Amino acid sequence: DKDMHFQRMPMSQLIEEVVEPHRGFGIAIKVSMVGDGTEPVGSRNPAIRYGLGNLLENAVDFARSTVIVTSSWDARTVRIMIADDGPGFSADVLSRIGDPYISSRNSRTTANPTGGGLGLGFFIAKTLLERTGARLSIENRPPPETGAIVRITWSRASIEAQGNMDPGQDSGHNSFNVPGALLP
């Protein structure tokens, strides 16, 4: 199909599409990509873009000065790591992060003076990414560094599968390809 080229994108393009809207807010976003073998090419899945974008937005909101986005791959696995230099997660939030209504935004920081948040953004991002086959792990950076690290891992086969395309891409509608999700 001649449109298949436009329905798929390499990992580097996915990362750039996720990162670009978050540039220019006073936080440096450093991107690095390293892989063993050819760069993975996957479908334009809005669930992946939205999930990664939400995780990156959280990192930018809490970072003091820098967010690092690293993508790596090999023949079997594709990984994305998002790390910030903010305060990191408190122990009580870290043990329950990803559950609905769990948020560290209730504690206002210099980097995030607005506070607020219900904890649903992370929950939705985690759910969307897991439904694409991803596994997420969340941790704090080891001392003396500060900040949070979110690691997202997929099997390379699940990223490169041609069938994980958003059906709305073909029809002109903007819907998520997430089974059971009730999103507009």
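Caption draft 1: Quick look at the overall build of the chain. Broken down by element type, the chain carries 7 helices and 7 strands. Its helices and strands taken in sequence order, the chain reads α-β-α-β-β-α-β-β-α-α-β-β-α-α from the N to the C terminus. Every one of the 184 residues in the chain was classed for burial, and the buried ones make up 43%. Across the chain, the fraction of contacts at a sequence separation of at least 24, relative to all contacts at a separation of at least 6, is 65%. For the chain, the accessible surface area stands at approximately 9,700 Å², while carbon and sulfur atoms represent 55% of it.

Caption draft 2: Geometry of the pairing of strand S4 (residues 66-73). Counting buried residues along S4, 6 of its 8 residues qualify, which places the element largely inside the surrounding structure. As paired elements, strand S2 (residues 28-35) and S4 share 8 bridges and run parallel to each other. Bridging across to S4, Val-31 finds its partner in Val-69. Bridge count for S4 against strand S5 (residues 77-84) is 7 bridges, and the pairing is antiparallel. Its bridge partner lying in S5, Ser-72 is registered against Arg-79. Between S4 and S5, which follow one another and run antiparallel, lie 3 residues.

Caption draft 3: Here's a closer look at helix H2 (residues 11-19). Along H2, the residues classified as buried are Met-11, Leu-14, Ile-15, Val-18 and Val-19. Each buried residue of H2 lies within a common arc of 125° when the element is viewed along its axis, so the set occupies one face.

Caption draft 4: Structural context of the sheet that holds S5. The strand order across the open sheet built from 5 strands is S2-S4-S5-S7-S6, with neighbouring strands paired in mixed fashion. Two strands bound the open sheet, and with one partner strand each, they are S2 and strand S6 (135-140). Taken over all neighbouring pairs, the strand axes of this sheet differ in orientation by 15° on average, direction set aside. In the packing of helix H3 (residues 46-62) onto the sheet, contacts are made with S2, S4, S5, S6 and strand S7 (148-155), and the angle to S5 comes to roughly 25°. The sheet strands contacting helix H5 (residues 120-130) are S6 and S7, and the helix crosses S6 at an angle near 140°.

Caption draft 5: Here's a closer look at the pattern of salt bridges. Tallied over the full model, the rule gives 9 salt bridges. Among the ionic pairs, Glu-145 bridges to Arg-141, the shortest N-O distance being 3.5 Å. Via salt bridges that share partners, Glu-16, Glu-20 and Arg-23 belong to a single interconnected network.

Caption draft 6: Summary view of unusual backbone geometry. With an omega dihedral of 15°, the bond running from Pro-143 to Pro-144 counts as a cis peptide bond. Mapped onto the secondary structure, Pro-144 falls in the loop between S6 and S7.

Caption draft 7: Spotlight on the side chain of Ser-43. Within the secondary structure, Ser-43 is located in strand S3 (residues 41-43). Of the residues examined, Ser-43 reaches a relative accessible area of 9% and is grouped as buried. Side-chain polar atoms of Ser-43 contact the side chain of Arg-8, separated by 3.1 Å.

Caption draft 8: Representation of the environment of Val-150 in the model. Positionally, Val-150 belongs in strand S7. Excluding residues within four positions of it along the chain, Val-150 makes contact with Leu-55, Ile-80, Met-81, Ile-82, Phe-122, Leu-136, Ser-137 and Ile-138.

Caption draft 9: Structural context of the packing of H3 against H5. Between H3 and H5, whose axes approach to 8 Å, the crossing angle comes to 145°. In the packing of H3 onto H5, the handedness of the crossing is left-handed. Between H3 and H5, the contacting residues are Ala-47, Ile-48, Tyr-50, Gly-51, Leu-52, Asn-54, Leu-55 and Asn-58 on the first element and Gly-121, Phe-122, Ile-124, Ala-125, Leu-128 and Leu-129 on the second. Considering only residue class, the contact of H3 with H5 consists of 10 nonpolar, 4 polar and no charged.

Thresholds applied
Residues numbered from 1 in each chain as written. Predicted model: local features only at pLDDT ≥ 70, side-chain atom pairs only at ≥ 80, totals over all residues. Heavy atoms only, no water. Helix = DSSP H or I, 4+ residues; strand = E, 2+ residues; numbered from the N terminus. Buried < 20%, exposed > 50% of the residue type's maximum accessible area, 1.4 Å probe, protein only. Contact = heavy atoms within 4.5 Å. Areas by Shrake-Rupley, 256 points an atom, 1.4 Å probe, with all protein chains shown as cover. Pairing = 2+ DSSP bridges. Arc of directions from axis to C-beta. Axes fitted to C-alpha atoms, helices over the stretch in contact; angles between N-to-C directions. Salt bridge = Lys/Arg side-chain N within 4 Å of Asp/Glu carboxyl O. Polar contact = N/O pair within 3.5 Å; in protein donor to acceptor, adjacent residues only side chain to side chain. Left-handed = near helix turned anticlockwise from the far one by under 90°. Nonpolar A, V, L, I, M, F, W, Y, C, P; charged D, E, K, R; others polar.

In short, geometric facts, not functional conclusions.
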